[in-house]
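# Tertiary structure, described
Listed here are the chains, written in short residue letters.
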6 protein chains.
Amino acid sequence: MITIDYLDSLFCKTPAEGRMLAFTMARKTIAAIQSDPEVRKELRPHYAKDTAQLIASSQVVAIEFQTIAMANNYWRDEK
Amino acid sequence: MITIDYLDSLFCKTPAEGRMLAFTMARKTIAAIQSDPEVRKELRPHYAKDTAQLIASSQVVAIEFQTIAMANNYWRDEK
Amino acid sequence: MITIDYLDSLFCKTPAEGRMLAFTMARKTIAAIQSDPEVRKELRPHYAKDTAQLIASSQVVAIEFQTIAMANNYWRDEK
Amino acid sequence: MITIDYLDSLFCKTPAEGRMLAFTMARKTIAAIQSDPEVRKELRPHYAKDTAQLIASSQVVAIEFQTIAMANNYWRDEK
Amino acid sequence: MITIDYLDSLFCKTPAEGRMLAFTMARKTIAAIQSDPEVRKELRPHYAKDTAQLIASSQVVAIEFQTIAMANNYWRDEK
Amino acid sequence: MITIDYLDSLFCKTPAEGRMLAFTMARKTIAAIQSDPEVRKELRPHYAKDTAQLIASSQVVAIEFQTIAMANNYWRDEK
């Protein structure tokens, strides 16, 4: 069973805050699929030194951020 | 023959509920392509310990969620 | 020469029907590129037991579905 | 030097015609990058029997089609 | 330091011109990350004969083109 | 803990400036996941000579740029 406790809202005050949420969403999704924290700890060194996986991770963050930016109307009202 | 019994609607009360649906859609798609539950059970340990596949899975969830978030107008009315 | 006989319209009565179309589109695209049904039959066991390929397939379904959901205005009128 | 002789317009009468254009765009892009037809002929058997590459190809078609479908307003006026 | 000298505007007179810009953007991004022209020359034969990489390249062109097509409102005014 | 100090705003005066921001976002995401600058320095030669990874990197830049271009309404007002 997956619990989503990090997504009360897609609205963020600033682009930087929105970017933080994108990181959180990407990270929590991995944690939901591989729910054992011990296993995740073991896995981390592998991908953090594998550039292909770092690039793939950054793509996930880019996609999540696109959704968040749309939701916040690109923070146009802050302009 | 594929049966879709998890998608009566794209509308979800909250972003967290929307995220749950994204997970369900991603998981059920795999199950539709590899319909043998025994085979899926055997396969699971492989990808749950392979960071490249965990990242790829999280990308699928991100894309499904983008669609769901659009459908729900990013839960703007909840703001 | 490719024949497209499964795409009279992008309009679907329900999200579930839209999801079915996404599966069809993904499957028929493969069949158009590898048009020999005998070869496809041989290939199927390979990818159906390869989790990386199952995940990649589910991403294609997610993208096709996003297009279909947009076309149907996310079935908002059904709400 | 790349010549684009297949893209006078993104407008297509039907979704099926739009799908055909998506295939053309995907195929012509490959041909533009690997412009030697002899090399392409040699390469084709490799990817047409490699399911991972068939899936990757179908994803490119899905993305091109999404653009074409948007351009044609999802053929809503045909409804 | 990256110099962007190919992107004065996203506006293009025709879809074909837009497609050309998509190729340029994809190519120039690679050149910005691997800025040594000698190294790029050495690398080119590798990916131009690797179908998986040709497909991946064509996906980047498809994504860049989607942005350009949106910017040009799909060249609807040319219809 | 991730610090986002490069994203005060998604608004950029020109497409070229927007492209620069897309590069920055892609690069900073990698740096946030692999936060050790020494490790990143060691990793760089690997991916900068691996065409598959150069292509994957350019895809991330393309996705980030799509978001930035949307935010800036494709710099239409500059036309």
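Look above for the structure.
Let us look at the structure shown here. (Residues numbered from 1 in each chain as written. Chains lettered and ligands numbered in written order. Predicted model: local features only at pLDDT ≥ 70, side-chain atom pairs only at ≥ 80, totals over all residues. Heavy atoms only, no water.)

### Quick word on the overall build of chain A
Defined as follows: A run of DSSP states H or I qualifies as a helix once it reaches four residues; a run of E qualifies as a strand once it reaches two. Both are numbered from the N-terminal end. Residue contacts follow a heavy-atom distance rule, with two residues in contact if any of their heavy atoms lie within 4.5 Å. Two residue types count as positive, namely Lys and Arg, and two as negative, namely Asp and Glu; His and chain ends fall outside the count. In plain terms, the charge of a residue is placed at NZ if it is Lys, CZ if Arg, CG if Asp and CD if Glu.
From N to C terminus, chain A includes three helices and zero strands. The order of α-helices and β-strands along chain A, N terminus first, is α-α-α. With respect to the three principal axes, the spread of C-alpha positions in chain A is 45 × 30 × 15 Å. In chain A, of all internal contacts separated by at least 6 residues, the share reaching a separation of at least 24 is 60%. Charged side chains of chain A number 10 positive and 10 negative; the gap between the two group centres comes to 5 Å.

### Quick notes on the relation of the copies chain F and chain A
This is how the line gets drawn: Copy-to-copy alignment: least squares on C-alpha atoms, limited to residues at pLDDT 70 or above in both.
Once chain F is rotated about the relating axis by 60° and shifted along it by 0.0 Å, it coincides with chain A to within an RMSD of 0.0 Å. Interpreted geometrically, this transformation is the action of a six-fold axis. By residue overlap, the copies meet through two different surfaces: only 19% of the interface positions of chain F are interface positions in chain A.

### Brief notes about the side chain of Q66(A)
Using the following cut-off: Categorising residues by exposure relies on relative accessible area from a 1.4 Å probe, with only protein chains included: less than 20% of the type maximum marks a residue as buried, more than 50% marks it as exposed, and the intermediate range marks it as partly exposed.
Take Q66(A): it is sitting in helix α3 (residues 51-71). Judged by its relative accessible area of 6%, Q66(A) falls in the buried class. Those residues within four positions of Q66(A) in sequence are excluded, and the remaining contacts are Q66(B), I63(F), Q66(F), T67(F) and M70(F).

### Quick word on helix α2 (residues 37-48) of chain F
This is how the line gets drawn: Given the number of residues in a helix, its expected span is that number minus one, multiplied by 1.5 Å. This arc describes the spread of directions from the helix axis toward the C-beta atoms. Polar contact is the term for a pair of N or O atoms within 3.5 Å; when the atoms are in protein, one must be able to donate a hydrogen and the other to accept it, and sequence-neighboring residues count only if both atoms are side-chain atoms.
Between its first and last C-alpha, α2(F) extends 16 Å over twelve residues, near the 16 Å set by a 1.5 Å rise per residue. Of the residues making up α2(F), those classed as buried are V39(F), L43(F), Y47(F) and A48(F). The arc that holds the buried residues of α2(F), viewed along the axis, is 140°, so those residues lie on one side. Exposed residues lying more than 90 degrees from the buried face of α2(F) are K41(F), E42(F) and P45(F). Of the surrounding secondary structure, the elements contacted by the buried residues of α2(F) are α2 (37-48) and α3 of chain A, α1 (15-33) and α2 (37-48) of chain E together with α3 (51-71) of chain F. For α2(F), the capping residue at the N-terminal end is D36(F), with a side-chain oxygen 2.9 Å from the backbone nitrogen of E38(F).

### Some thoughts on the arrangement of the chains
With no contact formed, the shortest span from any C-alpha in chain A to any C-alpha in chain D equals 14 Å. The two units chain B and chain E never meet; even their closest C-alpha atoms stay 14 Å apart.

### Regarding the interface of chain F and chain A
This is how it is decided: Salt bridge, as used here: a side-chain nitrogen of Lys or Arg that lies within 4 Å of a carboxyl oxygen of Asp or Glu. Residues are grouped as follows: nonpolar covers Ala, Val, Leu, Ile, Met, Phe, Trp, Tyr, Cys and Pro; charged covers Asp, Glu, Lys and Arg; every other residue, Gly included, is treated as polar.
Counting residues at the interface gives 31 residues for chain F and 27 residues for chain A. Where chain F meets chain A, there are one salt bridge. One salt bridge connects R19(A) with E64(F), and the closest N-O pair in it is separated by 2.6 Å. Counting the contacts that link chain F with chain A gives ten residue pairs in polar contact (both at pLDDT 80 or more). Put simply, the parts of the chain that give the side of chain F that touches chain A at least two residues each are α1 (15-33), α2 and α3 of chain F. No other element matches α3(F), which puts eleven residues into the side of chain F that touches chain A. Of the residues belonging to the side of chain F that touches chain A, the class tally is 20 nonpolar, nine polar and two charged.

### Remarks on the relation of the copies chain A and chain B
Mapping between the two chain copies consists of a rotation about an axis together with a translation along that axis. Of the transformation superimposing chain A on chain B, the axial component is 0.0 Å and the angular component is 60°, with the fit at an RMSD of 0.0 Å. Mapped onto chain B, only 19% of the interface residues of chain A again fall at the interface, so the copies present different surfaces.

### Some details on the packing of aromatic side chains
For clarity, the threshold we go by: Between 30 and 60 degrees the pair is tilted, below 30 it is stacked and above 60 it is edge-to-face, where a pair is any two Phe, Tyr or Trp rings, Trp via its six-membered ring, whose centres lie within 6.5 Å. Charges are assigned to positions over rings by a cutoff of 6 Å between ring centre and Lys NZ or Arg CZ, combined with an angular limit of 35 degrees from the ring normal.
This structure, assessed with the given rule, holds six aromatic pairs over all chains. The interplanar angle of 15° and the centroid separation of 5.9 Å between the aromatic rings of F65(B) and W75(B) together place this pair among those described as stacked. Highlighted residues: F65(B) in helix α3 (residues 51-71) and W75(B) in the segment after α3, separated in sequence by ten residues. Of the two residues, F65(B) and W75(B), neither departs from the other in class, the shared state being buried. The ring of F65(D) carries the charged tip of R19(D) above its face, separated from the ring centre by 4.9 Å.

### Focus: the interface of chain A and chain B
Heads up, the condition is: What gets called buried area is simply the loss in accessible area from a 1.4 Å probe that two parts show on being joined, summed for both.
Facing the 31 residues of chain A at the interface are 27 residues of chain B. Ranking the residues of chain A by area buried against chain B places I4(A), F11(A) and I33(A) at the top, with a combined share of 22%. Linking chain A to chain B there are one salt bridge. Remark: the boundary between chain A and chain B carries ten residue pairs in polar contact (both at pLDDT 80 or more). Listed by contribution, the elements that provide at least two residues to the side of chain A that touches chain B are α1 (15-33), α2 and α3 of chain A. With eleven residues, α3(A) is the single largest residue contributor to the side of chain A that touches chain B. When its residues are assigned to classes, the side of chain A that touches chain B shows 20 nonpolar, nine polar and two charged.

### Describing the environment of T3(A)
Residues and elements named next belong to chain A. Inspection of the secondary structure puts T3 in the segment before α1. For T3, a relative accessible area of 62% puts it in the exposed group. Through-space distance from the C-alpha of T3 to that of K28 is 9.8 Å; in sequence the pair is 25 residues apart.

### A few points about the packing of helix α1 (residues 15-33) of chain D against helix α3 (residues 51-71) of chain E
What counts, and what does not: What counts as an axis is a line fitted to C-alpha atoms, over the stretch in contact for a helix, and the angles between N-to-C directions run from 0 to 180 degrees. Helix crossings get a hand from a simple test, with the near helix turned counterclockwise from the far one by less than a right angle marking a left-handed crossing and a clockwise turn marking a right-handed one.
For the pair α1(D) and α3(E), the least separation of the axes is 9 Å and the interaxial angle reads 120°. Seen from above, α1(D) lies across α3(E) with right-handed handedness. Of the residues in α3(E), those in contact with M25(D), A26(D), T29(D), I30(D) and I33(D) of α1(D) are L54(E), I55(E), S57(E), S58(E), V61(E) and F65(E). By residue class, the composition of the contact of α1(D) with α3(E) is eight nonpolar, three polar and no charged.

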